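# Examining the three-dimensional arrangement
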Amino acid sequence: RPAEGPMRPPPTGPTPASDDEEDSDDDDEDDSDSDDVDDFLPTANEAVMEGHKKFVSCMSLEHTGSRLLTGSHDYGVKIYDFNGMKRDLKPFREIVPMDGYPVHALSWSPSGDQFLCVTGHPQPKIFDRDGRELGEFDKGDMYIRDLKNTKGHCSPCTGGAWHPFEKQ
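Throughout what follows, the structure given in this document is the object of discussion. Starting from 1, residues in each chain are numbered consecutively following that chain's sequence as written. Side-chain atom pairs in this predicted model are given and counted only at pLDDT of 80 or more, local residue features only at pLDDT of at least 70, and totals for whole chains, interfaces and linings cover all residues. Neither water nor hydrogens contribute to the side-chain values; these are computed over all heavy atoms in the structure.

## Focus: the sheet that holds strand 6 (residues 114–119)
- DSSP bridges decide pairing: two strands pair if at least two such bridges lie between them. Runs of E in the DSSP output that reach at least two residues are strands. Runs of H or I that reach at least four are helices, and both are numbered from the N terminus. In spatial order, the strands read 5-6-7-8; together these four strands make up an open sheet with antiparallel pairing. Strands at the two margins of the open sheet, each flanked by one partner only, are strand 5 (103–108) and strand 8 (133–136). Put simply, the sheet's adjacent strands are angled 20° from each other on average, direction ignored.
- Note that strand 7 (residues 125–128) and strand 8 share three bridges and pair antiparallel. Among the inter-strand pairings, lysine 125 is bridged to a residue of strand 8, identified as glutamate 136. Whenever a helix is involved, its axis is fitted only over the stretch in contact; in every case the axis is a line through C-alpha atoms, and angles between N-to-C directions fall within 0 to 180 degrees.

## Some remarks on unusual backbone geometry
- Positive phi outside glycine occurs at tyrosine 75, with the angle close to 75°.
- Looking at the element boundaries, tyrosine 75 is found in the loop between strand 2 (67–72) and strand 3 (77–81).
- The phi dihedral of leucine 89 is positive, around 60°, even though this residue is not glycine.
- Along the chain, the position of leucine 89 falls in the loop between strand 3 and strand 4 (93–95).
- Here's how the labels work: a residue is buried when its accessible area is under 20% of the maximum for its type, exposed when over 50%, partly exposed in between, all with a 1.4 Å probe on protein chains only. Here leucine 89 falls in the partly exposed class, since its relative accessible area comes to 23%.

## Digging into the sheet that holds strand 1 (residues 56–61)
- Taken in spatial order, the four strands of this open sheet run 1-2-3-4, and their pairing is antiparallel. Where the open sheet ends on each side, the last strands, each with one partner, are strand 1 and strand 4. With strand direction ignored, the average angle separating the axes of adjacent strands in the sheet is 15°.
- By the bridge criterion, five bridges tie strand 1 to strand 2 in an arrangement that is antiparallel. Looking across to strand 2, one finds that valine 56 is bridged to serine 72.

## Overview of the environment of tyrosine 75
- For tyrosine 75, a relative accessible area of 29% puts it in the partly exposed group.
- Setting aside chain neighbours within four positions, we find tyrosine 75 in contact with Ile95, Val96, Pro97, Met98, Asp99, Gly100, Tyr101, Pro102 and Val103. Whether two residues are in contact is decided by their heavy atoms, any of which lying within 4.5 Å being enough.

## With respect to the side chain of serine 72
- Looking at the secondary structure, you find serine 72 in strand 2.
- Taking the relative accessible area as the measure of exposure, serine 72 reaches 0% and is therefore buried.
- Of note is the side chain of serine 72, whose polar atom sits 3.2 Å from the backbone oxygen of lysine 54.
- Sequence-distant contacts of serine 72, defined by excluding residues within four places in its chain, comprise His52, Lys54, Phe55, Val56, Ser57, Pro102 and Val103. Any N or O atom pair separated by 3.5 Å or less is treated as a polar contact, with the protein-specific requirement of one donor-capable and one acceptor-capable atom, and with residues adjacent in sequence counted only for side-chain atom pairs.

Below, the structure written as structure tokens:
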């Protein structure tokens, strides 16, 4: 069903006269009321997908346009599949990457078979396109003075993205 937009404004200026106008003046009022109901034009294609309890902090659309990821400060990621979506617009999978940490960034891989999820934790995670965890990055040792000798992040991550050309 197309989205219903606002009604079209009534035409301005003189209207062309017809032969029936001279005969009956009472019918003009009834005709204009029934015409207004049929004058709806959709102004945009949009859908409201509800489900997060707190505000959505990041989104990522797969390069083919078939899947959408939304991350929120309610610690969850929702995966929407537009090809198999029903009228209720519910996600087909909901995951909590790291309990107690809000989601800051989501990024699809260039091949579209994996996505990166960055929470407020020092270890971002990689998931497959169906939401199964494939792995997480190493956590750094925060007690080492020279941070180039540690393997991972020592403080919370705030963003992340895949390399745009390499498909690993």
